[in-house]
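# Remarks on the overall topology
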Amino acid sequence: MLLRNTAGLPSLRKRYISLTIFLGLFVASLVAFGYFQTSTIKNAVSKGYEGVLQEQANLEDVRNHLLVINKDINLFLLDPQNENLIKEIDSYTEKSLKSLNQLVNSQHEYHVELEDKVNPIIDYFEKLNREVKRLIEYRLDINKQYPAMAISANEMEGQQDEVNSGFELLIMEIESGSLELKSTELYPLLLKSQTLWSKTISQSRIYMANRLASFTTGILEQQGQSLADMFLVFESNIRRLKALYSKENSFEGTAILDSIQKVSEAWFVNFLEMRVISETGQWRADTVIMRNSVFPLVNEITQGCNDVEAIIKREKQFLDEELSRSDDSFKYLIYGIIALYLIVISSILMSMEWSIFKPIERVTQALRSRAFGMDMPKIETTETEEIARLIEAFVQMDEEVTHRQNALEHQAMHDHLTGLPNRFLLNQRIEYQLLSAERQQGSFVLFVMDLDFFKEINDTLGHASGDKLLIEASERIHKLIRKSDTLARLGGDEFSILLPDMHKLQAGELAEQIIEQIGQPFELNGEKVNVSISIGIVSYPDDGLNAETLLQYADMAMYAAKRKRIGYSRYDSSENIYSKERLTLVGDLIDALENDQFELHYQPQVAAENGRICGAEALLRWQHKEHGYVPPDKIIEMAERLGIIHKLSLYVLRKAIAECRRWHQLGSDVSVSVNLSVRDLANEQLCAKIREYLNEFALDYRYLTVEITESVMMENLALSLGQLKKLNKLGINISIDDFGTGFSSLAYLKRLPVNELKIDKSFIMEIDEDENDQQIVSSTINLGHSLGLKVVAEGVETQQVMDMIKDFGCDQIQGYFISKPLPAKAFRQLLKNASRNVS
Ligand SMILES: Nc1nc2c(ncn2[C@@H]2O[C@@H]3COP(=O)(O)O[C@H]4[C@@H](O)[C@H](n5cnc6c(=O)[nH]c(N)nc65)O[C@@H]4COP(=O)(O)O[C@H]3[C@H]2O)c(=O)[nH]1
């Protein structure tokens, strides 16, 4: 039994609800915290991203603007008159400065050290702006643009002219004859010097032209050097001329030469300066500005932009890292939650293992033991209230189920009315006996029994009386059997007894005892009722080797006993409708009917008052070529089963009517009785056919009597009644055959259209020895007469019986004492003899 301990046990459900709430809150707060943190960081990072993107855009603008400015400066150098370029440079410079100022003022959280890098760029841009303005100014002013040319134009041109004028004055003085030359060398030298000066000037112009034509500095240097050489020669010529003029009486010759020397030397200095400008890359001012200012500034700005870009990239990288850090944090938080969840789940599982699964496993094992029919082992539990309650419920259920199972098993195996084993249990016991008998080479006997006319008792006295009869009958039988025997109720009024270790031959004694005991009157509903029983007996192994066959054969034997009214009958394989012999009979029966192989024997009936033959019962005879005589009731049974009973009965009717007509032709006023099966009453053509035969053989209706067995008629009353009424209406006599074996009540008899009662021979044959039969027969005769019926006694075998029957007032007598059934010819002879005796 279960040991229960619920004191102070916490509820498992409450425990898990609390744990679930706690866990739920904890996990929810963790997730909320993680989500809040991550989203804050993500917001900031996304703002940072926006700022960084704006910075990138600004920087890109600056770069693009710088490219445009650079391009415009170059275009301007080629096309200085294009004012649009200047405007565009101004505009883009302004835009760049604006973008740069935006960069400086960028306020986002991740903005770092950008200011330090952007401010110099702004300075560079402002410087660049100034330099560009200067460039424009120089480019638009030719003198500033080309300084060498300015020297040439502004200084050297005048000096050249001055020198030329000097020479012209000196030559003119000589050629005008104002000066009488002492030296012959002077004038040619003067002319030569003038020419040399001209050449030098030309050379300087070629130099300038070459410079303008952008000749390489190598050529310029050669030309410059050549001009310098020429000027040295010129200088030496001037010095020689001065020496020569010092000896001449020239008015201004020496002074002019001094001037020429001085101006030419100044010219040469200018030339040298021009050379320096031309050959040292200072030829164009714009180039200088570009090289010295613009390009460096553009480079500085480009470099500055690169630096800024690097910072922005760093900012972006920082933001990426920040974002990834926040993602990582959230990821770790989720990992943490999962880990926590796993820990909690494992804890719950372990807890459930301890508090639920193990106790349930113990309960399961206990139930399994129970399922295998073992006792429920002790289940101790200290775990939880629910488990304790569960186990308690299981124990209760087990008790309930066991109780119900026992009841159901008993119900399933026993008959509820008598308490006897039922067919199912009987079958089990037969199976057991079969095994046991087979093992021990033993034998056993099986009875199948049926109370005769139980249905009628039930219908007449009511079901309560029927039940009482069944209970009492079963008790009477039970007292006669051994403890080892099994008395079972198969259903209705059918019983069976299994008799282990018994042979068929020994069983007769028990059957007789049962018949005798059941034959004792039963007290039902205040009335004494006589009941009989029919018993079929089979034995193992003689009659069958399995339960089904044995029961089936016992049943057949029982019906044979009932049919023959012999109380009990041992199974006879020749009566088995399914035996081989029986099957050949069935085939031959059909042939016999087709080929008119049946015969009718006629048993005379004599009038009790004078002993004259007044009728005869037609009885079917069939002599089988192999099996010999086949009893009529067996033929009828086979014909019924084969469905040819209608045909056979009409065959008998026609033959009997024809024979009766012959009797009449012989002068005997004798009627004929024909037995009809109950199934014939269902033949709709019966009346028409009888009428047809009677007409055919011109026999009056009153000479035909149809006999219908009482028990069969009673069992099928509804069916019988209509047909009997029709026959009766025709004027045909109707006789209740085997009267007394059925259970006709007076009330029924009144309703039936019958003319005759034929008392069954079982009451007649031993009437001289059995007072009971005497009483039955005498009261039946009285009853018949009181209903206006003719009463016939059959089975009269002796003189004593004959006398007794006559005394009781019976109308007609039939029996071996008068005559056995005779072939038609013999019967005719009997009739002839009888009429002869009378006459
Ligand atoms: N021990 C003894 N027996 C006597 C005596 N007097 C007559 N019997 C026998 O009792 C039976 C009387 O016929 P049942 O009661 O109608 O009983 C008949 C009847 O129910 C049935 N039967 C016979 N012929 C026909 C038939 O053509 N049609 C139908 N449906 N049934 C028939 O077969 C049953 C048996 O017929 P049977 O063997 O011919 O047996 C006949 C007859 O031979 C006697 O003094 N002592």
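An account of the accompanying structure is given in this report. (Residues numbered from 1 in each chain as written. Predicted model: local features only at pLDDT ≥ 70, side-chain atom pairs only at ≥ 80, totals over all residues. Heavy atoms only, no water.)

### Points about the site of the ligand
Close contacts around the ligand come from 24 residues, with Glu617, Arg621, Asp737, Glu797 and Tyr816 the closest. The contact in question runs from a nitrogen atom of the ligand to an N or O atom on the side chain of Gln603, over 3.0 Å. Here Asn675 contributes a side-chain N or O atom positioned 3.0 Å from an oxygen atom of the ligand. For the shell around the ligand, the secondary-structure elements that each account for two or more residues are β9 (613–621), α17 (632–642) and β14 (733–739). It is β9 that provides the largest number of residues to the shell around the ligand, a total of four residues. Per-class residue counts for the shell around the ligand are 10 nonpolar, five polar and nine charged. (Near = heavy atom within 4 Å. Polar contact = N/O pair within 3.5 Å; in protein donor to acceptor, adjacent residues only side chain to side chain. Helix = DSSP H or I, 4+ residues; strand = E, 2+ residues; numbered from the N terminus. Nonpolar A, V, L, I, M, F, W, Y, C, P; charged D, E, K, R; others polar.)

### Overview of the sheet that holds strand β3 (residues 494–500)
If you trace the five strands from one edge of the open sheet to the other, you get β2-β3-β1-β6-β7, paired in mixed fashion. Bordering the open sheet on either side are β2 (486–491) and β7 (568–570), each of which pairs with just one other strand. Pairs of neighbouring strands in the sheet enclose a mean axial angle of 20°, with direction left out of account. With three bridges joining them, strand β6 (residues 533–540) and β7 adopt parallel strand pairing. Along β7, the bridge assignment pairs Gly536 with Ser569. (Pairing = 2+ DSSP bridges. Axes fitted to C-alpha atoms, helices over the stretch in contact; angles between N-to-C directions.)

### A few points about the pattern of salt bridges
Counted by the stated rule, this structure contains 32 salt bridges. Taking the shortest distance from any N to any O, the salt bridge between Glu131 and Arg134 comes out at 2.7 Å. Of this pair, Glu131 and Arg134 both sit in helix α3 (residues 114–140), three residues apart, which is roughly one turn of the helix. Judged by its relative accessible area of 16%, Glu131 falls in the buried class. Here Arg325 makes a salt bridge to Glu322, at a shortest N to O gap of 2.2 Å. Pair noted here: Arg325 and Glu322 are both in helix α9 (residues 285–371), with a separation of three residues, about one helical turn. For Arg325, a relative accessible area of 40% gives the class partly exposed. For Glu322, a relative accessible area of 19% corresponds to the buried category. By sharing partners, the salt bridges in this structure join Glu617, Glu707, Lys758 and Glu794 into a single network. (Salt bridge = Lys/Arg side-chain N within 4 Å of Asp/Glu carboxyl O. Buried < 20%, exposed > 50% of the residue type's maximum accessible area, 1.4 Å probe, protein only.)

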